[in-house]
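Architecture and fold: a report
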There are 4 protein chains.
Amino acid sequence: MSYQKPIKLGMVGGGNDAFIGAVHRIAARLDAQYDLVAGALSSTPDKARASGAALGLDPARTYDDFNAMAVAEAAREDGIDAVAIVTPNHMHYPAAKAFLEQGIHVLCDKPMTSTLEDAQALLEVAERAEALFVLTHNYTGYPMIRQARDMIASGDLGDIRVVQVEYPQDWLTEALENTGQKQAGWRTDPARSGAGGSIGDIGTHAFNLACFTTGLEVEKLSADLHSFVPGRQLDDNAHIMLRFAGGARGMLWCSQVAPGNENALKLRIYGSKGGLEWSQEDPNYLWSTPFGEPKRLLTRNGSGATQSAGRLSRIPGGHPEGYLEGFANIYSEAARAIRAFQANEPLPQDIHFPTVRDGVAGMQFISACVASNEDDSAWVTVQS
Amino acid sequence: MSYQKPIKLGMVGGGNDAFIGAVHRIAARLDAQYDLVAGALSSTPDKARASGAALGLDPARTYDDFNAMAVAEAAREDGIDAVAIVTPNHMHYPAAKAFLEQGIHVLCDKPMTSTLEDAQALLEVAERAEALFVLTHNYTGYPMIRQARDMIASGDLGDIRVVQVEYPQDWLTEALENTGQKQAGWRTDPARSGAGGSIGDIGTHAFNLACFTTGLEVEKLSADLHSFVPGRQLDDNAHIMLRFAGGARGMLWCSQVAPGNENALKLRIYGSKGGLEWSQEDPNYLWSTPFGEPKRLLTRNGSGATQSAGRLSRIPGGHPEGYLEGFANIYSEAARAIRAFQANEPLPQDIHFPTVRDGVAGMQFISACVASNEDDSAWVTVQS
Amino acid sequence: MSYQKPIKLGMVGGGNDAFIGAVHRIAARLDAQYDLVAGALSSTPDKARASGAALGLDPARTYDDFNAMAVAEAAREDGIDAVAIVTPNHMHYPAAKAFLEQGIHVLCDKPMTSTLEDAQALLEVAERAEALFVLTHNYTGYPMIRQARDMIASGDLGDIRVVQVEYPQDWLTEALENTGQKQAGWRTDPARSGAGGSIGDIGTHAFNLACFTTGLEVEKLSADLHSFVPGRQLDDNAHIMLRFAGGARGMLWCSQVAPGNENALKLRIYGSKGGLEWSQEDPNYLWSTPFGEPKRLLTRNGSGATQSAGRLSRIPGGHPEGYLEGFANIYSEAARAIRAFQANEPLPQDIHFPTVRDGVAGMQFISACVASNEDDSAWVTVQS
Amino acid sequence: MSYQKPIKLGMVGGGNDAFIGAVHRIAARLDAQYDLVAGALSSTPDKARASGAALGLDPARTYDDFNAMAVAEAAREDGIDAVAIVTPNHMHYPAAKAFLEQGIHVLCDKPMTSTLEDAQALLEVAERAEALFVLTHNYTGYPMIRQARDMIASGDLGDIRVVQVEYPQDWLTEALENTGQKQAGWRTDPARSGAGGSIGDIGTHAFNLACFTTGLEVEKLSADLHSFVPGRQLDDNAHIMLRFAGGARGMLWCSQVAPGNENALKLRIYGSKGGLEWSQEDPNYLWSTPFGEPKRLLTRNGSGATQSAGRLSRIPGGHPEGYLEGFANIYSEAARAIRAFQANEPLPQDIHFPTVRDGVAGMQFISACVASNEDDSAWVTVQS
């Protein structure tokens, strides 16, 4: 493999104390595909400056306004090629728009926006932009998820019948948002998060993962949303029944009030010929259960690994990879895409990463959940 | 403990090849509380005779008609005290009625009947009978389920918020009923099973277990039933959303087309102070997850066992007990109740076993699922 | 299957408070192959009487002297066919001798005796007796152990290379024997247990299980025994290296001072073509790991079950069987053997149960461990 | 936290196809503490050049002779601060010596050398050098190992009694070294690996981990080494009994012929007050088993995490970290040490990383194993 210069990366959001900004920076760095060279890490000038300095950024490329940053970087000869957007949800749209319109590639955290309107507007912006838009639904980057997707695509499970996906957490079991904790604050605030609480924060991940892995679209859903903690404005628990195009049925449960669950995202898929089960907290394993045969425990890069699972692994089976490696796979796949784009070549066929359309689908999912819930859990069509 | 003579037991159904009859016989025998002395093991005279002989029954007490058996046994000085009913569902009601009306205690397999009408009729019969009616929802007999019930009743979990219960199997992934397999035959036949397929066969277990353990009743449900195998008349997969009295919400999934699942009944309960998780296939464990503390793995009869879990264990922790022991606990609790009844004493306060009211609730659950499903998954009140 | 009258069973030891006596009684009863009709449950007359009454035994067949019992029962027309011996170790030999010499079959708890001399004497007695001797190394009765034995015998693992067996417990972490606890009392007392502490109580189980499953004999061992609790006379932890005939090597660890372990007997076997792993606390599973292929989780009576595993199962996969069922398999296999013996027929070829020779091997194991430990862990030949 | 310029890093070994070189590079990069700027990636000039180019190194700083590299880099104003040595074992000593003598810090893969003599010579070199020597026993970098170490050091387990450590793999079940596979080639070759096969490659990891975590030293060992694959010169399986200073006893098993095991390093430690269990393949969990209390499953950065486990975590519990993150912890701790050294400050008190003394201990372990094995598994003192 010949050497390729790192892609020059900027970041919007992700200043001191932000959780997800640090994750994006590690993901970008892990495979040596990006150099972080600029940032609008905060809209508060002091904090932007301090955060930039803490990361060793050139003060001249430390901004407190992402619009200014987009313009300035686009004008520099050594300007950034791509930007990571890691702000609260309501800022995703204007920030993404600013960079895409300058021809700067965007890697944006999920959910894509805080409203469906913003999502649809961003779709238009992205489709006419001279740049790529990548949504960091990082769980799709886990090698065993790629293996599951391959196995389903090649018919190992037969016709898909049942999809059970869940994402329980427990960190909002009590009213953490009233303690001043920053993460809890914006994630339970409709003004910054949008109409979805748990369904936006983690339900969209579960929804995206189920669709990505099966290759199926959800046609209709019936949702029962609830907020168990007194005073909380957004849902902290959601029960959702799913009907997929083609006839599969499913359930999605997400919760932030389920004590004992940290990030217990779990996906189970059953077809006419077999099943698959995967858990995010133990991501190096994939249960494969062909009907009428013994259960098999596949391991990342172990016996029975598919080509795509192997390609996205760095080390042999038995040496666990985790969340950061899965996240880095999104970044590194995006790097391949950006390089192809820069070279005016078609995207490599084996690349899969979440796009602006997945982002719209996620916002449609949130909207449909809210609409169904308000209509006594009636079946609601998920637009597409 | 002083010696108590075994209770004289009869059996209706359970001839050669029947699965559940043999289970009841072992459960009755395990703690030496019953002697099987009579039976109407089949309605086919030859088969009834042969099955009785294979069990060493007195030919004079081998019947081919349960009505005749009920009358004859009631007339004998050494007649049976109790009868186990293990026929297909549609025969439960007439058989139970015949024995209850003779003052013979009944231990009946689930679901209690094949129609809600029969269930309500049986309720009346049972309430005016001079005998006990015990429904063998055997999963409630597992010691760690008793421990979970105790912990919830004593407030360890705080207010119950979320109840996730599921019972996936895979044995009907293909059209086994077309091969002449007897179990599959009657369980997929509305005439013998009633209106519920998977919801009757295993959904009622899941429903009963969730209610028994939490002490909560389901007020409303929204159901999406489906039959995936072409030609199958009854549901083989069901997705159900639950709303409990008092505000808890939940989900129930049962399936007989989920490859890789044998009898994967699983119950998870989350409250404002903590959670519990239990799996039937590994029944000697109970996860206890008090919010903000490390997860604890409680073991049957191990450190932290409650009194009732200990009372229903025969051997120390680390030596696993299983399905038959849990089933036997229902029989042995029933024996305690029968002896108290015979002695004209009140039931011991620490006894819990499923009753005719649980049987009616199970049939109401099936009816509500069918009604909701026919009404596009509308929320339907579960009568009670 | 035609009906067979239960075998008439007596019991020596196993009065009130004894743990293992109750286990033997359930094991004998579970498959309806035995009726308990006589007993010398204690050598203390009052206790013997009370214990017999609590079990509903005929007072005329309640003894306080096993020699008297052996003579009296042999003389009765309806005398016992077989006897279960469940006393502390040092009484096994005289009791077994008394019954064998009367032509009464013996089912004896392990270790077989308290000294190697007694074991060798019992071997002679058993070989010239007109009765069978069965040693209840109950773990060999688990269906998945039978499956493992079958798979190894049929060459699935290739040449066996490495055998790792361990049996950690934690109940003697503190000096329980000083509190008056009866089980701890005799098990840590050389006069009643013999020269082995943990190696006798649980090490012999591990040793027997490794040999039974692999079909291999241990040629030499090197042992490091230790007693960690101050004042304890017998070993409470043992590390042992093993060399098997044919070239396999192994390790055996047993401990009664390993906090967090209840009865964590575990067996792992590796050959030139694959491996197997089994844990007593989760006995319905068997990991099969053919080299170069994905790991498979075999379940009791599930897909891939062998004939012998299926024959010793009562219920389908996914409904767990446990310790008592495994123990009952030893009793029920013994019943088949006794019936063949009574009918003057050869033993069925598919029967396997531990015999007096396994008992001698167990005592040789203890002796070799003690000898090696006293000789600075030198390799000691295990006689055979 | 204020920004700190990356440490300038070189690498010896680790050219194309090498497994461990890539791991070291990721580990160095993960926390942005190092920049790789120079390398002698191969001793074959062409391969050295090509490998350097593939990594984007300045051709002027791409060497094919580590001695020349040490001298040249030491002479540059922008010369490397530290070097990673990732060659086969026999080159570790001369390479480390070359850099240490130039005052360049060394991060060296394990085992430290191929002979005990080299190890002792390197100890002397390191002790008089003006530079640090860090041995990358990477498993000590896992956060839950740090937590285990903390808990033991603070007395949670009481007196340590039993230490069970094992590291089974299966990749050498067949004669892979005869197929031309490079990793298998040098690891089974005494000339390049030294006297230890599995004991050197993975046994030293297990040994180091047990000592690091417990804080105990091994006084004596008794070893049974074997090579199961015909023609293999070095051990591929080892059974070792351990006696620790202070009275604890233990067992170490390592194997490269145990089918079904990828990198199943597992550590179990039992004391008078409780136990701990940890598995490398599921490294985000730590079982804590205080005697007489329910078992607890501690999670990385979850409830009950200690300060040091938290400090070495990047993301919250439930989002798994893995092998690369653990490896990076060694690099990042080394970076803290190097910066303190450069600033002429004492090492931070909370830093722990494996040093040259651990490397010597590892070689003493190998020597003692070989000596014991040659003396019929006699107990051999491990020098220290």
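What counts, and where the lines are drawn
Residues numbered from 1 in each chain as written. Chains lettered and ligands numbered in written order. Predicted model: local features only at pLDDT ≥ 70, side-chain atom pairs only at ≥ 80, totals over all residues. Heavy atoms only, no water. Pairing = 2+ DSSP bridges. Helix = DSSP H or I, 4+ residues; strand = E, 2+ residues; numbered from the N terminus. Least-squares fit on C-alpha atoms with pLDDT ≥ 70 in both. Contact = heavy atoms within 4.5 Å. Buried < 20%, exposed > 50% of the residue type's maximum accessible area, 1.4 Å probe, protein only. Core = buried A, V, L, I, M, F, W, Y, C linked by side-chain atoms within 4.5 Å. Buried area = accessible area lost by both parts, 1.4 Å probe. Salt bridge = Lys/Arg side-chain N within 4 Å of Asp/Glu carboxyl O. Polar contact = N/O pair within 3.5 Å; in protein donor to acceptor, adjacent residues only side chain to side chain. Nonpolar A, V, L, I, M, F, W, Y, C, P; charged D, E, K, R; others polar. Axes fitted to C-alpha atoms, helices over the stretch in contact; angles between N-to-C directions. Expected span 1.5 Å × (residues − 1). UniProt positions renumbered as here; feature names shortened; annotations may be inferred. Right-handed = clockwise from strand over helix to strand, strands pointing away.

1. A closer look at the pairing of strand β13 (residues 295-299) of chain B
With 4 bridges joining them, strand β12 (residues 285-290) of chain B and β13 of chain B adopt antiparallel strand pairing. In the strand pairing of β13 of chain B, Ser-288 of chain B is matched with Arg-296 of chain B. Between β12 of chain B and β13 of chain B, which pair antiparallel one after the other, the connecting turn spans 4 residues, and Gly-292 of chain B there sits at a positive phi close to 85 degrees. Bridge count between β13 of chain B and strand β13 (residues 295-299) of chain D: 3 bridges; the pairing is antiparallel. Across the sheet, residue Leu-297 of chain B finds its bridge partner in β13 of chain D, namely Lys-295 of chain D.

2. Here's the deal with the relation of the copies chain A and chain B
Superposition record for chain A on chain B: RMSD 0.0 Å, screw rotation 180 degrees, translation along axis 0.0 Å. As the rotation angle and translation indicate, the two copies are arranged about a two-fold axis. When C-alpha positions in chain A are compared against the rotation axis, the closest is assigned to Ala-378 of chain A, at 3.3 Å. Taken as a fraction of all interface residues of chain A, those also at the interface in chain B reach 100%, which identifies the copy contact as same-surface.

3. Structural notes on helix α6 (residues 143-153) of chain D
Residues and elements named next belong to chain D. Among the 11 residues in α6, 8 count as buried, and that is most of the element. Every buried residue of α6 is accounted for by Pro-143, Met-144, Ile-145, Arg-146, Gln-147, Ala-148, Met-151 and Ile-152. Looking one or two places after α6, you find Gly-155, whose phi comes out positive at around 90 degrees.

4. Re the nonpolar core
Phe-99 and Phe-133 of chain B together with Phe-99 and Phe-133 of chain C are the most contacted members of the largest nonpolar core, which has 220 residues in total. Among residues more than four places away in sequence, those in contact with Phe-99 of chain C are Val-12, Phe-66, Met-69, Ala-70, Ile-80, Val-83, Ile-104 and Val-106 of chain C. Judged by nonpolar contacts, the second largest core, of 219 residues, contains Phe-99 of chain A together with Phe-99, Tyr-167 and Ile-366 of chain D.

5. Brief notes about the interface of chain A and chain B
Chain A puts 44 residues into the contact, and the matching count from chain B is 44 residues. At the boundary of chain A with chain B, total buried surface from both sides reaches about 3,700 Å², with 57% on carbon and sulfur atoms. Where chain A meets chain B, there are 6 salt bridges. Viewed at the interface, chain B and chain A are joined by 22 residue pairs in polar contact (both at pLDDT 80 or more). Residues that form the side of chain A that touches chain B fall into these classes: 16 nonpolar, 16 polar and 12 charged.

6. Focus: the relation of the copies chain D and chain A
Superposition record for chain D on chain A: RMSD 0.0 Å, screw rotation 180 degrees, translation along axis 0.0 Å. The overlap is high: 100% of the interface residues of chain D also sit at the interface in chain A, so the same surface is used on both sides.

7. Some words on the pattern of salt bridges
Side-chain pairing between opposite charges can occur once the charged atoms of the two side chains come close. Summed over the entire model, instances satisfying the criterion amount to 96 salt bridges over all chains. Glu-127 of chain B is paired through a salt bridge with Arg-357 of chain B; the nearest N and O atoms lie 2.6 Å apart. Taken as a pair, Glu-127 of chain B in helix α5 (residues 116-128) and Arg-357 of chain B in helix α12 (residues 356-374) lie far apart in primary sequence, 230 residues in all. It is possible to trace a salt-bridge network through shared partners that takes in Asp-31, Arg-300, Arg-314 and Glu-321 of chain A.

8. Some thoughts on the sheet that holds strand β1 (residues 7-12) of chain A
All names here are of chain A. Spatially, the 5 strands line up as an open sheet ordered β2-β1-β3-β4-β5, and their pairing is parallel. Edge positions in the open sheet fall to β2 (34-40) and β5 (133-135), since each of these has one partner strand only. Strand-to-strand, the axes of this sheet are offset by a mean angle of 25 degrees, without reference to chain direction. Sheet topology note: the strand β4 (residues 105-108)/β5 ladder contains 3 bridges and is parallel.

9. Quick notes on the side chain of Glu-333 of chain B
Residue and element names in this part refer to chain B. Within the secondary structure layout, Glu-333 lies in helix α11 (residues 323-342). Taking relative accessible area as the criterion, Glu-333 reaches 2% and is therefore assigned buried. Dropping the residues within four chain positions of it, Glu-333 is found in contact with Arg-146, Arg-311, Leu-312, Asp-350, Ile-351 and His-352.

10. With respect to the sheet that holds strand β1 (residues 7-12) of chain C
Residue and element names in this part refer to chain C. Pairing in this open sheet of 5 strands is parallel, and the strands run β2-β1-β3-β4-β5 from one edge to the other. Strand pairing shows two members of the sheet lacking a second neighbour, β2 (34-40) and β5 (133-135), which therefore form its edges. Within this sheet the neighbouring strands show an average axis-to-axis angle of 25 degrees, counted without direction. Helix α3 (residues 66-75) contacts β1, β2 and β3 (82-85) of the sheet and is inclined by roughly 130 degrees relative to β2.

11. Details of helix α12 (residues 356-374) of chain A
Residues and elements named next belong to chain A. With 19 residues, α12 should cover 27 Å at 1.5 Å per step; its first-to-last C-alpha distance of 27 Å lies within 8% of that length. Every buried residue belonging to α12 is among Val-356, Gly-359, Val-360, Gly-362, Met-363, Gln-364, Phe-365, Ile-366, Ala-368, Cys-369, Val-370 and Ser-372, and all of these are buried. At the exit of α12 stands Asp-376, carrying a positive phi of roughly 60 degrees.

12. Things to note about the UniProt feature "domain: GFO/IDH/MocA-like oxidoreductase" (unreviewed entry) in chain A
The residues that UniProt annotates with the feature "domain: GFO/IDH/MocA-like oxidoreductase" (unreviewed entry) are residues 145-277 of chain A. This span, residues 145-277 of chain A, is 27% helix and 32% strand, and a straight line between its end C-alpha atoms measures 10 Å.

13. Looking at the pairing of strand β2 (residues 34-40) of chain B
Residues and elements named next belong to chain B. Counting buried residues in β2 gives 5 out of 7 residues, a clear majority hidden from the surface. Bridging between strand β1 (residues 7-12) and β2 involves 6 bridges; their strand directions are parallel. Along β2, the bridge assignment pairs Ile-7 with Tyr-34. Remark: the β1/helix α1 (residues 19-30)/β2 crossover connection has right-handed handedness.

14. Details of the interface of chain D and chain A
Quoted interface sizes are often the accessible area lost when the parts come together. Residue-level contacts link 36 residues of chain D with 36 residues of chain A. Across the chain D/chain A interface, buried area totals approximately 2,900 Å², and carbon plus sulfur atoms make up 58% of it. For the interface between chain D and chain A, the tally reads 0 salt bridges. Our enumeration of links across chain D and chain A arrives at 17 residue pairs in polar contact (both at pLDDT 80 or more). Taken together, the elements giving at least two residues each to the side of chain D that touches chain A come down to α1 (19-30), α2 (45-54) and α11 (323-342) of chain D. The dominant element in the side of chain D that touches chain A, judged by the number of residues it contributes, is α1 of chain D, at 5 residues. Classifying every residue of the side of chain D that touches chain A gives 20 nonpolar, 9 polar and 7 charged.

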